[in-house]
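Read off the chains here:
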Amino acid sequence: MRILVTGGAGFIGSHFARRQVGAGHEVVVLDKLTYSGNRANLAAADCEFARGDIADADAVERAGAGCDAVVNFAAETHVDRSILEASDFIRTDVFGTHVLLEWARTTDARFVQVSTDEVYGDVAPGVSSREDDPLRPSSPYAAAKAGGDLQVLAYVRTYGLDACITRGSNTYGPNQYPEKLLPLHITNALDGQPLPVYGDGSQTRDWLHVEDHCAGIELVLKEGAAGEVYNVGGGEEVENRHIVQRIIEHTGADASLVRHVADRPGHDTRYSLDTERIAGLGWAPAHSLEDGLPSAVEWYRTNREWWEPIKASGDYSRYYELQYRTRLQTATS
Ligand code: NAD
Ligand code: DAU
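Analysis parameters
- Residues numbered from 1 in each chain as written.
- Chains lettered and ligands numbered in written order.
- Predicted model: local features only at pLDDT ≥ 70, side-chain atom pairs only at ≥ 80, totals over all residues.
- Heavy atoms only, no water.
- Near = heavy atom within 4 Å.
- Polar contact = N/O pair within 3.5 Å; in protein donor to acceptor, adjacent residues only side chain to side chain.
- Areas by Shrake-Rupley, 256 points an atom, 1.4 Å probe, with all protein chains shown as cover.
- Helix = DSSP H or I, 4+ residues; strand = E, 2+ residues; numbered from the N terminus.
- Nonpolar A, V, L, I, M, F, W, Y, C, P; charged D, E, K, R; others polar.
- Phe/Tyr/Trp six-rings, centres within 6.5 Å; stacked < 30°, edge-to-face > 60°.
- Buried < 20%, exposed > 50% of the residue type's maximum accessible area, 1.4 Å probe, protein only.
- Contact = heavy atoms within 4.5 Å.
- Pairing = 2+ DSSP bridges.
- Axes fitted to C-alpha atoms, helices over the stretch in contact; angles between N-to-C directions.
- Core = buried A, V, L, I, M, F, W, Y, C linked by side-chain atoms within 4.5 Å.

Would you mind showing me how to read the site of ligand 1 here?
Around ligand 1, the surrounding shell holds 30 residues, and the nearest of these are I12, D31, S36, Y141 and K145. Within the backbone of I12, an N or O atom sits 2.8 Å from an oxygen atom of ligand 1. V114 places a main-chain nitrogen or oxygen 3.4 Å from an oxygen atom of ligand 1. Across the complex, the protein chains shield 97% of the 840 Å² of accessible surface that ligand 1 would expose by itself. Elements supplying a minimum of two residues to the shell around ligand 1: α1 (11-22), β5 (110-116), α5 (140-159) and β7 (170-172). No other element matches the three residues that β5 contributes to the shell around ligand 1. When its residues are assigned to classes, the shell around ligand 1 shows ten nonpolar, 16 polar and four charged.

See below:
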């Protein structure tokens, strides 16, 4: 199969692209190389690469020539950035998805939309989101992803597009841009820098290893039913303050680095996914957080050449300053 992997120079997309090449597929990566896209993520992958925007129909047509399927990872992905400025999120996650859908409709390509548990909004203790639950996004990021999902479902119904959606939970592992909780805190801990915890840190996230996430997307690409949504959750729900403690243990950092800072506006308290549907296709996570977290810490410890240039970059410094300066000045430990 020849697969168009959009956003394949990012965190999850690059793992997926490498995995498909390893499985003997031809892979074309289409990526705009925004701040989180990184050619180094594909260094060892024998795939074609096209720099371009999924919102640009000509770029999509050129990169997609001859492809049987598209797996859409391309997105603006960070909740905190969406709260600062949402327009790129609408342009890529909503309009870009529309452009890709139009391309798939005219070429009959199979379509997998990589989405997120955040589209359900947060859920009460004891409740897990099912695929047919209403979408109640809380952040501009989650709303933009929900806008993408709804278009996919409409194209299946109206045009008979052969499309599925996956909704993954919080994903971790090597090559994740160090703005998300785990890579930010792991790299800060390794450098003896503050570990900013939003609010009281009692919010819960469900952690999923990147290889398990990719295995779920791969299975849905192969066997998912058109028009179906599949939750992909790690089943490892941990309060933020507890995962930060585990990072401190695995890095050997000083616990006094923890700072409780101003909360995220609209902060979702808890995500949890019911994964019965994808389990029915034969998927189950192969990595536990107990093994996956120390191995992720080890990757960041031994791959400083990957993240140090990112953290030294102007874009990163500007973002960090904007996001954390005031928060850290007014922090409590
Ligand atoms: P990432 O930010 O690491 O990568 C996103 C990639 O998309 C980057 O390479 C970027 O250059 C590219 N991109 C952005 N805008 C583009 C555009 N207009 N055209 C082409 N390429 C563009 O993100 P990630 O964490 O790897 O997330 C990948 C996908 O998985 C996203 O759709 C995200 O919503 C979804 N997801 C992520 C998680 C998570 O925890 N990271 C969980 C569930 C779902
Ligand atoms: O749930 C899937 C989603 O997970 C993906 O769709 C998103 O692309 C991805 O960014 C992630 O969203 P979150 O907002 O859950 O992830 P983030 O790593 O930004 O934050 C995880 C939790 O940690 C959240 O409750 C906010 C908190 N947090 C985050 C940062 C960056 C902190 O307490 N301090 C921080 O510095």
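What follows picks up the thread again.
What exactly am I supposed to notice about the site of ligand 2 here?
Around ligand 2 lies a shell of 23 residues, among which D117, E118, Y141, R264 and H267 are the nearest. The contact in question runs from an oxygen atom of ligand 2 to an N or O atom on the backbone of L181, over 2.7 Å. Measuring from an oxygen atom of ligand 2, one finds a side-chain N or O atom of Y324 at 2.8 Å. About the coverage of ligand 2: the protein hides 95% of its 690 Å² of free accessible area. Secondary-structure elements contributing two or more residues to the shell around ligand 2 are α6 (181-190) and β8 (195-198).

Honestly, the packing of aromatic side chains in this entry has me stumped. Any pointers?
Any two aromatic rings considered together are summarised by their centre-to-centre distance and by the angle between their planes. For the structure on display, the rule yields twelve aromatic pairs. Centroid distance F16 to F73: 5.2 Å. Interplanar angle 50 degrees. Geometry classified as tilted. With F16 in helix α1 and F73 in the loop between β4 (69-72) and α3 (79-84), this pair connects stretches of sequence that are 57 residues apart. In this pair, the class of F16 matches that of F73, namely buried. Consider the rings of Y155 and Y159, whose centres lie 4.9 Å apart with planes at 55 degrees: the pair is tilted. With Y155 and Y159 both in helix α5 and four residues apart, the pair spans about one turn of that helix.

Can you help me understand the side chain of T116 in this one?
Looking at where T116 falls in the secondary structure, it is placed in strand β5. If we skip the residues at most four places from it in the chain, T116 touches Y141, K145, T166, R167 and G168.

How do you make sense of the sheet that holds β7 when you look at a structure like this?
Strand order in the open sheet formed by three strands is β7-β9-β11, and the pairing between neighbours is mixed. A single partner strand is all that each edge strand has here, and the edge strands are β7 and β11 (237-239). This sheet shows a mean twist of 45 degrees between the axes of neighbouring strands, independent of strand direction. Note that β7 and strand β9 (residues 204-209) share three bridges and pair parallel. Within β9, the residue paired with N170 across the bridge is W207. Strands in contact with helix α8 (residues 240-251) are β9 and β11; relative to β11, the strand with the most contacts, it is inclined by about 85 degrees.

Explanation requested: the nonpolar core in the structure shown.
Side chains of nonpolar character tend, in soluble globular proteins, to be buried together. Judged by nonpolar contacts, the single largest core of 32 residues is most densely connected at L182 and I243. Within the residue set of this core, elements represented by two or more residues are α6, β8, α8, β12 (258-261), α10 (289-302), α11 (304-311) and α12 (314-329). It is α10 that provides the largest number of residues to this core, a total of six residues. Aside from chain neighbours lying at most four places away, what touches L182 is Y172, W207, I243, I247 and L293. Ranked by size, the runner-up nonpolar core spans 27 residues in total, among them I54, V70, V99 and A163.

Hey, could you run me through the environment of D200 in this one?
Along the chain, the position of D200 falls in the loop between β8 and β9. A residue is classified by how much of its surface remains accessible, and D200, at 45% relative accessible area, is partly exposed. Once the C-alpha coordinates of D200 and E48 are considered, the two residues, 152 residues apart in sequence, prove to be 45 Å apart. In this view, D200 contacts R241 and H260; residues no more than four positions away in its chain are not counted. A polar contact is formed between the side chain of D200 and the side chain of S202, at a distance of 2.7 Å.

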